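Inside the fold
Next come the chains, spelled out residue by residue.
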Amino acid sequence: MDVIQKFQELLKKLFQFEVSDLDFGIYRVLNYKRDQIEKFIQEDLKNKVEDAFAKHKDERLTDINQRFESAKEKVNQNLGPTAFTPTGDLKEEFKDTPVGKDFLLVKAQKEEAEAIDEIKLQVFNDLYNFFSRYYEEGDFVPHYRYSIKGHKYAIPYNGEEVKLYWVNSEQYYTKTGVLFRDYTFRANDYKVIFRIVSAKEELASNKATRERFFVLDDEQPLTIENKALIIRFQYRELTEDEVKDYEVGGGSNAAKQEKINQRSYDEVLKRAKDPTLGGFLGKEYKNGNPLLLYHISRFSAKNTKDYFIHKNLKKFLSEQLDYFIKAEVLDIETLEKERFLDKHTTRAKVVREIGEDIIDFLSQIEDFQKRLWEKKKFVLKTEYVITTDRVPEEFYEEIWANKLQRKEWGDLGFEIPKTKEQLRDTKLPIDTKYFTLEFKEKLLEKLTENADLDDLLDGVLIKSENWQALNTILPRFKEKVQTIYIDPPFNKEQDADYLYNVKYKDSTWMSMLENRLRLARELLNEKGSIFVRCDYNGDWLVRPLMNEIFGEENFRNEIVINRKRQAIGTPNKFEVENELLFLFSKGEKFLKRDIFRPRSLVDMKWTNFLKQEERRPPERVFLGKTLYPPKGQHFALVQKKVDKLLKEHYLRLKCRSCTAIYYWDKEDSRELFSKKLRSFKDKFKYFDISADSKVFGVTSLDRCLSCGADDWQVEYLTSEEIKIGDNWKDIVSYDNRWGFKTENSEILLQRVIESTSNEGDLVMDFFLGSGTTTAVAHKLGRKWIGVEMGEHFWTVILPRMKKVLTYDKSGISKERDVKEKYNKNTAGGFFKYQVIEQYEDALDNIELKENQKARELFKDQYLLKYFLDYETRESSYFLNIDQLKNPFAYQLKVNLEELGEPEEIIVDIPETFNYLLGLKVKKVKARNNGGKYWLVLGEKEQKEIAVVWREYNDNWTDEDWERDREFIIKEIEPWAPHIVYVNGQSVLTPKIGNHTVEIRYIEPEFKILMR
Ligand SMILES: C[S@@+](CC[C@H](N)C(=O)[O-])C[C@H]1O[C@@H](n2cnc3c(N)ncnc32)[C@H](O)[C@@H]1O
């Protein structure tokens, strides 16, 4: 392959030609432009190089021709025209003359300039060398090159004492779809499910590849049950035998995976007994591929490609190109060998020109993905869960008649009351998803008649990838959160619960955390703090990362907690018994509440009752005896407290002479007191009393009843509780009540929440898992936000939180300090749950529309720099203003549950806008006036804001607009807002009843805020 071809092949890889049959993500977008990109690689680039050289050659040649002509003229003048041979060469005898020498030098330069073609090839070679460095299997790996011998790479570094750096530190980790677990599609009347299972045996030393591949499960590759075909895959390294068997000794990983996919496909078809099913799976589907093979390829590609988006690829590559040219194209060793430097200057110029073109194109694609990633996402759906005690009675009839709701109560194990009137006491959770939209809207209006909606809500649950959720709700909850607890997937190799790039496992994990922690920090209020759970796999990364994000000075503790008990034994090292919580605060105003645990008997101590320094009056009366402290000291408490503590048996007297012990007792009798001792419930107060101790219960004393001495020591019992430090190993940290593998214990979360927040504060967890954090927050009277992307959002979290609202007796509910506040009588609650648009949805469904005007305007530069921006402007994912004419019917294509064919659904535009504005919602109401109106009253920065949504159309007459105006005024006047937002157009003027408002139009602001 010649150099040009080699470079063109590389470009095809960079532009993902290898996987041209993929129809998701960025591949789909690139495929759409495939012909143009191909033309760019095959023709335009080559022409560009030619042109560039032609240009440089022309420039140089004009200059050199002039110099040549003048050198020739000089020879003519000095030596006469006979100095030249008839062919124009200088005769031998003149070669050493000064003008002869000059002439020869310029002549050689001229020839060199004319022979520039060989340098062209070098240009392609340079470009190949440069671009191949950063590209690995679908991602850019931003290594900073540094070509000093022995050091291949550099890190950007400003002379800090210690510097944290990881390869993917300037990238977003985006591998967060719900795709990892199950991938589903339909084949005729069958549902086909691809499921990832773990390998039975460790490959250990038998691994022949470092990379992992999707291979069929060898134990049970498929099962068919009730029209569901489950195909099992393992995701792992290959053994040597497998490498031979699959014939994947060489080639790219993508090519290897393709070969394996073909085998998996053949194998499944062989085993799928039902001939109709087999027929469907094997029928041609897309791009010449049969249905099953198409999906296997799609599934493996979705799970293995595109881990990262660079936050500023253009800057990175341009700087690197600059360095590359200086260090490798124009390096001093090459230059020293050359007689004429010109050609290398040309080479460098062309490498820069072409290199920048390609960088422009690559960064256009990367920046587009970044924009889509960073754009705020639409709220797809909002539902509410509220317990019946909080629902006005006028709704009971409809609730009572709702069969689906009653069925859910049964499924959740609630006792269903006999009559609808009992709904008030039973506090059953109703989920608005079982009711009509009208019911939901009426209920919300009624609830907010005398109170504000966001104040009434106890919590919010969000089903979404967490970066997207945090980024979208940021304007609303910025600096509002008091405590964040997260328990992200651990940085494990085996059994890791998230996808990572095998070559950069630690770095992938770092980016995953870093991206999310940065947003978390913005959500915390100035007194807030965050706990991050991890184990030895990740602790060495979490601490420096948090130092960087939260500031070293805000490191508070590294708390030791228990690991799950595993009696497996760990070879070659001591058994691992700990996990960790890193606690960082937002700043110095950090709220810390001391927490206590009961002191165990071994920790109990009777100590003396003295403190340093003298105080007045010095004496105290103990059991009728007036005692004085030793010189320079004083008794620790005032007389009133002394009397109280004596009665509670936290104080006692001891005879220094015979060690007899005296407690206060109203019976004043040794025998009775000794008997009582055994039955007293506070045994810890007598922990050091044994059968042969001399113990007396008295009301007052004179001399020791045992030895007659009068020499007393006052003893004070340290409290039965002990302040908790950074060792939390006295409690379990995992539990298993909700059938979730990594479920944390409620008692652990109780400590987390109580130590850093007060009742009513907002607590958040965005790796929610089974919902422990939100459950505990609710039980402890905190407000809460939980984010989770897994399907267990529906099967574990929602049912759990519904039970918690009604009353969940498990977990911490029976703890002494909890049950007073959270019990059957005090339970009840109200929360909303939402589903948010995902990055993959947007990327998979975005539509491109040719933009002829822009194309003509930008010409060559259009494909390189502008097409993505111009062709996606109208897309619904970036907000399609036209669709907002009916804000109640705005549609997007999304994958709501699992993968498969996306569905077109109506999204929740008003809720999306509330988040974008950062509006605290107070009141809502739905109205009809020839069309639907949805009115929201909220508050932002102490301003009352009304948002008016309604359907309108271009055919409205002046009367329609006028009617609309009057209606809006009538509805919002009682709210007396400062600002009124309205969608579309209107004839509203700032005069609303008796006061003046500011009118703003929704669309332009929506579009800006969405970015
Ligand atoms: C270790 S579990 C948390 C367990 C939880 N503390 C409990 O008590 O059940 C981690 C959770 O984070 C979720 N997760 C991982 N990456 C996520 C992401 N990017 N966005 C949202 N959830 C994510 C996983 O689905 C999993 O449920």
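Overview of the structure. (Residues numbered from 1 in each chain as written. Predicted model: local features only at pLDDT ≥ 70, side-chain atom pairs only at ≥ 80, totals over all residues. Heavy atoms only, no water.)

**Thoughts on the overall build of the chain**
Counted only if it meets this: Strands are runs of DSSP state E lasting at least 2 residues, helices are runs of H or I lasting at least 4, and numbering of each runs from the N terminus. C-alpha atoms define the radius of gyration in this analysis, and the globule rule sets the expected value at 2.2 Å times the number of residues to the power 0.38. Think of it in three bands: residues with accessible area under 20% of the maximum for their type are buried, residues over 50% are exposed, and the middle band is partly exposed, with areas taken using a 1.4 Å probe on protein chains only. All accessible-area figures derive from a Shrake-Rupley calculation using a 1.4 Å probe, and residue coverage is judged against the displayed protein chains alone. Think of it this way: Lys and Arg go in the positive column, Asp and Glu in the negative one, and His and the chain ends go nowhere. Charge positions come from single atoms, namely NZ of Lys, CZ of Arg, CG of Asp or CD of Glu.
The helix and strand tally for the chain stands at 32 helices and 43 strands. For 1011 residues, the compact-globule formula gives about 30 Å, and the C-alpha radius of gyration of the chain, at 38 Å, lies well above that figure. Dimensions of the chain, computed from the C-alpha atoms along their principal axes, are close to 145 × 80 × 75 Å. Of all 1011 residues assigned to the chain, the portion counted as buried reaches 54%. When the accessible surface of the chain is totalled, it reaches about 47,500 Å², and 48% of it is carbon and sulfur. When the 168 positive and 179 negative side-chain charges of the chain are each reduced to one mean point, those points stand 5 Å apart.

**Some details on the sheet that holds strand S15 (residues 429-431)**
To be explicit about the condition: One bridge is not enough; two strands pair if DSSP finds at least two bridges between them. Lines fitted to the C-alpha atoms define the axes, with helices restricted to the stretch that makes contact. Angles between their N-to-C directions range from 0 to 180 degrees. Here, two residues are considered to be in contact whenever any of their heavy atoms come within 4.5 Å of each other.
Overall, mixed pairing links the ten strands, which are arranged S15-S14-S34-S16-S33-S32-S17-S18-S20-S19 in an open sheet. With one partner strand each, in any of the chains shown, S15 and strand S19 (555-562) form the two edges of the open sheet. On average, each strand axis in the sheet is inclined to that of its neighbour by 15 degrees, with strand direction left out of account. Docked against the sheet, helix H19 (residues 505-523) engages strand S17 (481-486), strand S18 (524-534) and strand S32 (762-765), running at close to 150 degrees with respect to S18. Across the sheet, helix H23 (residues 746-756) touches S17, S18, S19, strand S20 (578-585) and S32, and the angle it forms with S17 is around 155 degrees.

**A look at unusual backbone geometry**
Between Arg-616 and Pro-617 the backbone carries a cis peptide bond, its omega angle lying at -20 degrees. A positive phi angle is found at Asn-226, which is not glycine, with a value near 40 degrees. Of note, Asn-226 is situated in the loop between strand S9 (222-225) and strand S10 (228-236). Using a relative accessible area of 74% as the deciding quantity, one classes Asn-226 as exposed. Here Gln-942, not a glycine, exhibits a phi torsion of approximately 60 degrees, which is positive. In this fold, Gln-942 is placed in the loop between strand S38 (932-940) and strand S39 (943-950).

**Concerning the pattern of salt bridges**
Any two side chains of opposite charge can pair, given that their charged atoms come close. As a reminder, the rule being used: Every case where a carboxyl oxygen of Asp or Glu lies within 4 Å of a side-chain nitrogen of Lys or Arg is listed as a salt bridge.
Taken as a whole, this structure holds 85 salt bridges when the rule is applied. Its salt-bridge partner being Lys-33, residue Glu-871 comes within 2.9 Å of it at the nearest N-O pair. A residue pair is termed long-range when its members are at least 10 positions apart, and Glu-871 in helix H29 (residues 860-871) and Lys-33 in the loop between helix H2 (25-32) and helix H3 (34-79) qualify at 838 residues. Its relative accessible area of 2% is what places Glu-871 among the buried residues. Residue Lys-33 is classed as buried on the basis of its relative accessible area of 1%. A salt bridge links Asp-245 to Arg-263; the shortest N-O distance between them is 3.7 Å. Remark: Arg-263 occurs in helix H7 (residues 253-271) and Asp-245 occurs in helix H6 (residues 240-245); sequence separation between them is 18 residues. The structure contains a network of salt bridges with shared partners spanning Glu-445, Lys-925, Arg-927, Lys-970 and Glu-971.

**Some thoughts on the packing of aromatic side chains**
The condition is simple: Working definition: rings of Phe, Tyr and Trp (its six-membered ring) pair if their centres are within 6.5 Å, and the pair is stacked with planes under 30 degrees apart, edge-to-face with planes over 60 apart, and tilted otherwise.
Applying the stated criterion across every chain, the model contains 58 aromatic pairs. With 6.3 Å between their ring centres and 65 degrees between their planes, Tyr-173 and Phe-308 make a pair best called edge-to-face. Linking Tyr-173 in strand S5 (residues 171-173) with Phe-308 in strand S13 (residues 308-310), this pair joins segments that are 135 residues apart in sequence. One exposure class covers both Tyr-173 and Phe-308, and it is buried. Joined through ring pairs, the aromatic side chains of Phe-130, Phe-131, Tyr-134, Tyr-144, Tyr-165, Phe-316 and Phe-324 make up one cluster.

**Quick word on the site of the ligand**
Operational definition: We call a residue near a molecule or strand when any one of its heavy atoms sits within 4 Å of it. The term polar contact refers here to a pair of N or O atoms within 3.5 Å; inside protein, the definition further demands a hydrogen-donor-capable atom paired with an acceptor-capable atom, and it admits residues adjacent in sequence only when both atoms are side-chain atoms. Note that Gly is not counted as nonpolar here; it falls among the polar residues with everything else outside the nonpolar set of Ala, Val, Leu, Ile, Met, Phe, Trp, Tyr, Cys and Pro and the charged set of Asp, Glu, Lys and Arg.
Neighbouring residues of the ligand: 20 residues in total, closest Asn-466, Asn-744, Ser-770, Thr-772 and Glu-788. Contact distances for the ligand include 3.0 Å between a nitrogen atom and a side-chain N or O atom of Asp-487. Within the backbone of Met-789, one N or O atom sits 3.4 Å away from a nitrogen atom of the ligand. Computed on the free molecule, the ligand has an accessible area of 600 Å², of which 93% lies beneath the protein chains in the complex. Residues that form the shell around the ligand fall into these classes: six nonpolar, nine polar and five charged.

**A few points about the environment of Thr-85**
In this structure, Thr-85 sits in the loop between H3 and helix H4 (98-114). Looking at Thr-85, its side chain comes within polar contact range of the side chain of Thr-87, at 3.0 Å.

**Re the pairing of strand S27 (residues 651-655)**
Where a strand is regular, its side chains alternate between the two sheet faces. The buried fraction of S27 amounts to four of the five residues, a majority that puts the element mostly inside the structure. Bridging between S27 and strand S30 (residues 712-717) involves five bridges; their strand directions are antiparallel. If you follow Lys-654 over to S30, its bridge partner there is Gln-713. Pairing analysis gives two bridges linking S27 to strand S28 (residues 661-664), with the strands arranged antiparallel. Looking at S28, one finds that Lys-654 is bridged to Ile-661. If you look at the hairpin formed by S27 and S28, you'll find five residues sitting between the two strands, and Thr-659 has a positive phi there, around 65 degrees.

**Quick notes on the side chain of Lys-932**
Residue placement: Lys-932 occurs in strand S38. Polar side-chain contacts of Lys-932 include one of 2.6 Å to the side chain of Glu-441.

**Some points on the pairing of S10**
Here S10 lies mainly inside the structure; nine of its nine residues are buried. By the alternation rule, side chains of S10 split into Ala-228, Ile-230, Arg-232, Gln-234 and Arg-236 and Leu-229, Ile-231, Phe-233 and Tyr-235, which are all buried. Sheet topology places S9 next to S10; four bridges connect them, and they run antiparallel. Paired with Leu-222 across the two strands is Ile-231, which belongs to S10. Linkage of S9 to S10, two consecutive antiparallel strands, is achieved through a turn of two residues, within which Asn-226 is found at a positive phi near 40 degrees.

**Re the sheet that holds S38**
An order of S37-S38-S39-S40-S43 is seen for the five strands of this open sheet, with the pairing classed as mixed. Unpaired on one side and paired on the other, strand S37 (920-928) and strand S43 (998-1001) mark the two borders of the sheet. Direction aside, the axes of adjacent strands within the sheet are offset by 20 degrees on average. Pairing of strand S40 (residues 979-982) with S43, which is carried by four bridges, proceeds in the parallel orientation. Paired with Val-980 across the strands is Ile-999, a residue of S43.

**Side note on helix H24 (residues 772-779)**
In terms of residue burial, H24 counts as a mostly covered element, since eight of its eight residues are buried. Buried within H24 are the following residues: Thr-772, Thr-773, Thr-774, Ala-775, Val-776, Ala-777, His-778 and Lys-779.

**Observations regarding a positive patch on the surface**
Note the cut-off: Like-charged residues within 9 Å of one another, or nonpolar side chains (Val, Leu, Ile, Met, Phe, Trp, Tyr) within 5 Å, are grouped into patches, provided each residue has over 30% relative accessible area and no salt bridge.
Residues Lys-809, Lys-814, Arg-816, Lys-819 and Lys-824 make up a contiguous surface patch of positive charge. Tracing the backbone through its elements, the reader meets Lys-819 in helix H26 (residues 816-819).

**Describing the environment of Asp-869**
Positionally, Asp-869 belongs in helix H29. Distance in space between the C-alpha atoms of Asp-869 and Tyr-662 is 87 Å, their sequence separation being 207 residues.

**Some words on the packing of helix H1 (residues 3-14) against helix H5 (residues 117-132)**
Note the cut-off: Under this scheme an angle from 65 to 115 degrees is roughly perpendicular, one under 35 degrees roughly parallel, and one over 145 degrees roughly antiparallel; angles in between are oblique. Crossing chirality is assigned from the near helix's rotation relative to the far helix, an anticlockwise turn below a right angle marking it left-handed and a clockwise turn marking it right-handed.
Contact geometry for H1 and H5: axes closest at 9 Å, N-to-C directions at 30 degrees. With respect to H5, the element H1 is oriented roughly parallel. The crossing of H1 and H5 is left-handed. The residues of H5 that touch H1, namely those facing Val-3, Ile-4, Lys-6, Phe-7, Leu-10 and Leu-14, are Leu-121, Phe-124, Asn-125, Leu-127, Tyr-128, Phe-131 and Ser-132. Residue classes in the contact of H1 with H5 are distributed as ten nonpolar, two polar and one charged.

**A look at the packing of H24 against helix H25 (residues 792-806)**
Here H24 crosses H25 at 10 degrees, and the two axes come no closer than 10 Å. Between H24 and H25, the angle is such that the two are roughly parallel. In contact with Thr-772, Thr-774, Ala-775, His-778 and Lys-779 of H24, H25 contributes Arg-800, Met-801, Val-804 and Leu-805. Looking at side-chain class alone, the contact of H24 with H25 contains four nonpolar, three polar and two charged residues.

**Let's talk about the state of the cysteines**
The term disulfide refers to a covalent linkage connecting the sulfur atoms of a pair of cysteines. Operational definition: Cysteine sulfur pairs qualify as disulfides if the two atoms are within 2.5 Å.
Tallied over the full model, the rule gives zero disulfides. Residue Cys-655 stays outside any disulfide, its sulfur separated by 3.6 Å from that of Cys-707, the closest cysteine. Its relative accessible area of 1% is what places Cys-655 among the buried residues. Here Cys-658 is not disulfide-linked; the sulfur of Cys-704 is the nearest cysteine sulfur, at 3.6 Å. Cys-658 gets classed as buried once you look at its relative accessible area, which sits at 13%.

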